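Here is how the chains run, residue by residue.
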Amino acid sequence: MSPLDRHERAKELFLEACERSPEDLRRFLDTACGDDPPLRREVESLLRFRGSPERSDLLPGTLELPSADPGARIGPYRLLGRLGEGGMGEVWEAEQREPIRRRVALKLIKAGMDTAQVVARFESERQALALMDHPNIARVFDAGATESGRPYFVMEYVRGEPIHVYCDRHNLSVPERLELMLQVCEGVQHAHHKGIIHRDIKSSNVLVEVVDDRPVPKIIDFGVAKATQQQLTEKTMFTALGVLIGTPEYMSPEQADPAVHDIDTRTDVYSLGVVLYELLVGALPFDSETLREAGFDEIRRRIREDEPVKPSTRVTTLGEGSAETASRRKTDPSSLRRLLRGDLDWITMKALAKERSRRYGSPMDLAADIRRHLAHAPVEAGRPGAVYRARKFVRRHRFGVIAGAVVIATLLVGIAGTSVGMLRAKREAQTARRVADILAGTFTELNPFQAGAVVATPEAMLERGTERIEAELADEPLVQARLFDVMGNALAAYGRYDRSRELLERAVALRREHLGAEHALTLGSMTHLGNLYWVTGDYPASRELHERILAIRERNPVPGELAISANLQSLGRLHWKLSEFEQAHALFERSLVLHEAALGPDHLAVAYDLFWLGTVEMDTMDYGAARSHMERAAQIGERELGPDHPEVANAAFQIGLLYWRMGERDAAREKLERALAIHERGIGPDNPATAFPLNELGVLLTGEGEYERARALIERAKTIREKTLGPDHPDLAWSLTALAYLEIETGNLEAGQRLHRRALEIQERAFGPEHYEVSRVYGFLAWAEQRVGNWAEARRLRDRQISILRNVFSDGHRRLAEPLYQRARLAAREGEPERALELLREALACGYRGDPIGGEDDFDTLRRHPGFEALVAGVTAAR
């Protein structure tokens with residue numbers, strides 16, 4: 001090696017040595033310098049010259065330069081105590097006195113370490129943190145330089161401990177550790193969304209602190225972060241050739257390869273996989289001591305080429321430590337191995353894949369598979385076949401599968417037994433045998449251990465059963481009709497709407513043909529079909545069918561028979577959907593009277609009536625009545641169905657929306673989070689019903705500035721709806737308006753307006769131009785136009801919104817208050833004082849309660865207008 005090459009190499013190794021702990025420095029120099037004593041002497045000389053107090057025992061003669069001391073002041077901060085230090089910087093706990101008083105963490109570049117390269121790396125970390133705003137990433141508050149010129153920055157003081165230490169100290173179970181891992185993935189995803197690759201994710205860089213009795217991971221130390229979309233600092237910063245940037249135990253293969261320069265976000269996915277491995281097993285994929293004892297090139301080779309063993313296998317190699325490891329996860333070694341085997345092995349090893357193309361594409365993809373595992377749904381990792389998927393379904397719906405099997409068996413066998421009067425006696429036994437054969441054959445095909453079995457999901461089982469019913473019971477139309485009715489409803493529950501519609505329409509046709517148009521069984525199938533039309537957005541067909549059923553039942557009443565209540569509820573839901581709130585409320589009240597008289601005040605049917613009454617009252621802003629009805633319904637539902645039933649989740653979702661509209665945001669968030677958790681565990685993460693809490697929780701988080709998680713939730717809801725409902729369903733419009741709100745709040749105004757207009761097209765096509773939901777989208781569009789100063793278009797859109805609301809609601813309704821007030825702002829801005837005053841008076845008469853009235857800059861043109869001043873004074877005095 002020439003003297004010039006040796007000097008360049010010494011500088012590279014010096015920079016890396018600055019990142020090493022005192023305990024690791026000598027071993028690093030032994031490995032990196034090898035049998036080149038002159039190179040080692042030059043590196044040690046650089047270290048002595050630059051100063052490093054914690055290395056004085058290793059490198060005698062090190063020059064100790066002045067450092068910070070407890071009690072010292074840096075700007076408005078008083079240093080309290082050193083939290084830690086690395087090669088280039090030291091972190092202090094500090095107290096900020098003004099303009100607010102709080103504890104902070106102050107990171108200060110070390111005395112004597114202000115080389116251009118180190119300063120560039122230090123400023124890069126500061127800029128990377130400043131770009132981000134996420135609850136799982138430590139925030140930056142301030143930056144500056146000391147009087148002697150040493151750069152520093154101030155960040156959130158995380159009162160926590162490394163994630164693996166926290167998990168072990170609190171003996172968290174595997175599911176509890178996975179819940180923490182989900183938050184870490186969300187934080188890293190946020191960094192990636194901001195164009196930042198961390199490059200040094202490890203357990204010690206993820207601190208867990210307890211906030212409101214809830215553990216919250218915080219990602220720290222972006223000291224070697226890499227930007228993908230912008231330059232983090234104008235100062236020169238480069239990755240030294242031959243130097244490992246990061247921590248070897250957590251380092252991706254491409255990060256350890258000097259020939260690879262296109263490091264992307266998947267390198268952080270790999271490191272997340274190592275953290276996950278450590279949380280599950282209590283050990284790293286590559287033993288730290290063995291890895292670091294190897295030479296420099298051998299370390300890189302092992303990272304790039306050696307395959308780690310699966311977590312479930314690694315647990316068996318821990319020897320006596322396996323019992324302690326399992327105990328810290330609230331289990332025993334055998335149970336822990338079984339718990340890790342399968343999903344968690346596959347998920348972890350996919351994250352740790354050597355080839356980037358085989359890894360998860362993003363932290364949120366990794367998180368999605370963890371959520372699937374927690375919900376007992378099939379994961380994307382691994383090689384799941386029919387046996388695996390069937391087993392996962394049974395695990396996810398343990399009680400539902402047992403109950404469903406009993407119901408289907410009872411139904412099929414019972415059909416034969418209740419065929420008296422429909423079938424001749426001599427054919428009864430034959431029919432029973434045929435139905436029993438279908439039952440046996442269908443469940444045999446469901447059995448994943450049966451040779452040649454191909455059916456692995458209930459949807460597929462229902463589909464196969466339907467095919468056999470069509471082929472083998474063609475001469476038993478009434479038996480077919482009943483089975484089509486049952487299976488049509490079951491397929492609808494799985495989002496198979498096209499096939500469900502086909503079966504229910506056939507059930508109606510068969511029963512009408514053989515029993516008559518007004519038979520109770522025919523009306524029952526018609527009710528199911530009308531409900532399906534409602535779910536799929538075919539509102540005209542649903543209305544026509546439900547009104548016909550109700551007319552028949554009212555014409556031929558059966559004393560004590562409650563089937564009419566089902567139609568009152570169905571028709572009430574339809575009127576609610578069509579913004580015909582008075583009709584909806586009357587129908588639900590009528591159903592409630594019937595149910596309470598026949599079943600008592602605490603029956604589940606009463607809860608459904610109360611729930612829907614509350615829903616209508618919420619949309620008409622009668623919040624007091626809505627709260628009373630909904631909370632009573634929720635109490636009945638939880639008592640009768642248990643805390644994890646999907647209907648309990650639906651109630652929690654609606655109550656969450658109500659609390660949100662009443663301004664109780666924390667309570668609303670708790671309800672929406674609970675609804676989402678129940679749905680993900682019960683009906684699965686990809687069910688259309690799960691999209692509702694996903695979407696609205698995303699909107700709530702957007703309003704709270706938690707943009708990264710909000711985007712992930714809304715995008716999930718949008719994907720579910722597009723897949724199950726299609727591109728023109730009105731429910732999809734809710735996801736589009738939610739995403740539009742997020743885009744506008746994050747500065748993407750054009751994208752937000754485009755999404756709003758697409759939502760408007762869907763809603764107008766589904767409901768017509770005079771629907772309440774259409775008015776809401778016009779209001780969103782007007783708000784967006786106001787944000788960009790397009791006043792004329794905002795005025796046109798707001799006028800259209802108000803016109804629709806006047807048709808839907810009565811004069812003076814509270815729904816008109818906010819749009820009228822916003823329209824008054826536009827009139828004032830455009831120099832129409834009398835029109836603005838007229839609109840303001842009407843908004844107040846409708847119950848507008850904003851504060852302060854007329855306080856916006858738009859009303860500056862009215863400040864000296866006597867009518868305006870009198871109006872404001874009157875409102876102020878009244879309050």
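Scope of this entry: the structure provided in the associated data block. (Residues numbered from 1 in each chain as written. Predicted model: local features only at pLDDT ≥ 70, side-chain atom pairs only at ≥ 80, totals over all residues. Heavy atoms only, no water.)

1. Focus on the packing of aromatic side chains
In this structure the tally under the stated criterion is twelve aromatic pairs. Seen in terms of ring centroids, Trp576 and Trp612 are 5.3 Å apart; in terms of plane orientation they differ by 65 degrees. Their pairing is edge-to-face. Of this pair, Trp576 sits in helix H23 (residues 563-577) while Trp612 sits in helix H25 (residues 604-619), and the two are 36 residues apart along the sequence. For the pair formed by Trp576 and Trp612, the shared burial category is buried. With a centroid separation of 5.9 Å and 65 degrees between ring planes, the pair formed by Phe653 and Phe692 is classed as edge-to-face. (Phe/Tyr/Trp six-rings, centres within 6.5 Å; stacked < 30°, edge-to-face > 60°. Helix = DSSP H or I, 4+ residues; strand = E, 2+ residues; numbered from the N terminus. Buried < 20%, exposed > 50% of the residue type's maximum accessible area, 1.4 Å probe, protein only.)

2. Overview of the sheet that holds strand S7 (residues 161-162)
Here we have three strands laid out as an open sheet, ordered S7-S9-S10, and antiparallel in their pairing. Each having just a single partner strand, S7 and strand S10 (214-219) make up the two edges of the open sheet. Note that S7 and strand S9 (residues 206-211) share two bridges and pair antiparallel. When the bridges of S9 are listed, Pro162 appears paired with Leu207. With respect to the sheet, helix H6 (residues 174-193) is in contact with S9 and S10, its orientation differing from that of S10 by roughly 35 degrees. (Pairing = 2+ DSSP bridges. Contact = heavy atoms within 4.5 Å. Axes fitted to C-alpha atoms, helices over the stretch in contact; angles between N-to-C directions.)

3. Considering unusual backbone geometry
A positive phi angle is found at Asn171, which is not glycine, with a value near 50 degrees. Inspection of the secondary structure puts Asn171 in the loop between helix H5 (163-169) and H6. A residue is classified by how much of its surface remains accessible, and Asn171, at 32% relative accessible area, is partly exposed. Positioned with a positive phi, Asp213 is a non-glycine residue whose angle comes to about 65 degrees. Note that Asp213 resides in the loop between S9 and S10.

4. Remarks on helix H27 (residues 646-661)
An ideal rise of 1.5 Å per residue puts 22 Å on 16 residues; H27 measures up with 23 Å between its terminal C-alpha atoms. In terms of burial, H27 is a largely internal element, twelve of the 16 residues being buried. Within the span of H27, buried status applies to Val648, Ala649, Ala651, Ala652, Phe653, Gln654, Ile655, Gly656, Leu657, Leu658, Tyr659 and Trp660. Elements that come into contact with the buried residues of H27 comprise H25, helix H26 (623-641), helix H28 (665-682) and helix H29 (691-703). Just downstream of H27, Gly663 is the residue with a positive phi angle, here 90 degrees. (Expected span 1.5 Å × (residues − 1).)

5. Notes on the packing of helix H33 (residues 772-787) against helix H34 (residues 791-808)
At their nearest, the axes of H33 and H34 sit 8 Å apart, and the two run at 160 degrees to each other. Classified by the angle between their axes, H33 and H34 sit roughly antiparallel to one another. Here H33 runs over H34; the crossing is left-handed. Across the interface between the two elements, Tyr772, Val774, Ser775, Tyr778, Gly779, Leu781, Ala782, Trp783, Glu785 and Gln786 of H33 pack against Trp791, Glu793, Ala794, Leu797, Arg798, Arg800, Gln801, Ile804, Leu805 and Val808 of H34. Along the lines of polarity and charge, the residues of the contact of H33 with H34 split into twelve nonpolar, four polar and four charged. (Parallel < 35°, antiparallel > 145°, perpendicular 65-115°, else oblique. Left-handed = near helix turned anticlockwise from the far one by under 90°. Nonpolar A, V, L, I, M, F, W, Y, C, P; charged D, E, K, R; others polar.)

6. Considering the packing of helix H21 (residues 520-535) against helix H22 (residues 539-555)
A pair of packed helices is characterised by two quantities: the angle between their axes and the separation of those axes. Relative to each other, H21 and H22 sit at 155 degrees, their axes nearing to 8 Å. The angle between H21 and H22 falls in the class roughly antiparallel. For the crossing formed where H21 meets H22, the hand is left-handed. Packed against H21, whose contacting residues are Ala520, Leu523, Gly524, Met526, Thr527, Leu529, Gly530, Asn531, Tyr533 and Trp534, the element H22 presents Tyr539, Ala541, Ser542, Leu545, His546, Arg548, Ile549, Ile552 and Arg553 at the interface.

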